[in-house]
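The chain contents come next:
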Amino acid sequence: MNIDSLITLLREAQLEVRRHQHSHALKIIRDAKIIDLNNLYLSALEQFVATLPYPSSPDFTDVKTAENEHILSLLIDRATNDLEQRGSKRSDGSAVPDERILLMEKMKNLYFQRADEFIEAKEFGRALEEVQRVYFFDPQNFVAKEYQQKIAQLADLNKK
């Protein structure tokens, strides 16, 4: 696990959030999770970004955006500090992440990436199918639930 790689990815994700490119930010955060599977702050960051409103949403305000930016910065700092602290406590004989868990994370990332591609192509039904595949690996996945809600909202907006 490389702290510099994690910091770089999280700063890129923060930049994407500022650009309101939440799906790109989520992909970057999921890549960061693969670097550090045991970092709970990365999961919290992923859930937080998944719930951020888009500029076209009625929940979007400048005040709320400033608050969200502050929370995002705090989560990024905590995620990097968590990795540093665990790295300093870890002995040389530390365990390698379980290959099965790593593969499951990669598969979930692939499904979310495909869903993002279908969303961009305005194929909302197919995007929902990809998100539902995540439940095979993680039946309680909060991000998948948020994705489903956002896809439904986008489909409704697209109909109008």
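Because the structure is predicted, anything quoted here is derived from the model rather than measured. (Residues numbered from 1 in each chain as written. Predicted model: local features only at pLDDT ≥ 70, side-chain atom pairs only at ≥ 80, totals over all residues. Heavy atoms only, no water.)

### Things to note about empty space enclosed by the protein
Line of reasoning, step 1. Applying the stated criterion across every chain, the model contains one cavity of 30 Å³ or more.
Line of reasoning, step 2. Put simply, the largest cavity is a space of about 40 Å³.
Line of reasoning, step 3. Surrounding the largest cavity, Arg30, Lys33, Glu46, Glu105, Lys108, Asn109, Phe112 and Asn141 form its lining.
Line of reasoning, step 4. Among the secondary structure elements, those contributing two or more residues to the lining of the largest cavity are α2 (22-35) and α5 (99-120). (1 Å grid on protein atoms, 1.4 Å probe; cavity = no way out; pocket = protein on both sides within 12 Å on 5 of 7 lines; lining within 4 Å. Points joined across faces, edges and corners; volume = space filled by probe spheres on them. Helix = DSSP H or I, 4+ residues; strand = E, 2+ residues; numbered from the N terminus.)

### Description of the packing of aromatic side chains
Line of reasoning, step 1. Overall, the coordinates contain three aromatic pairs when judged by the stated rule.
Line of reasoning, step 2. Judged by centre distance (4.9 Å) and plane angle (45 degrees), the ring pair of Phe112 and Tyr147 falls under tilted. Here Phe112 is found in helix α5, whereas its partner Tyr147 is found in helix α7 (residues 142-159), with 35 residues between them in sequence.
Line of reasoning, step 3. Its relative accessible area of 6% is what places Tyr147 among the buried residues.
Line of reasoning, step 4. Three or more aromatic residues joined by ring pairs make a cluster, and in this case those are Tyr111, Phe136 and Phe137. (Phe/Tyr/Trp six-rings, centres within 6.5 Å; stacked < 30°, edge-to-face > 60°. Buried < 20%, exposed > 50% of the residue type's maximum accessible area, 1.4 Å probe, protein only.)

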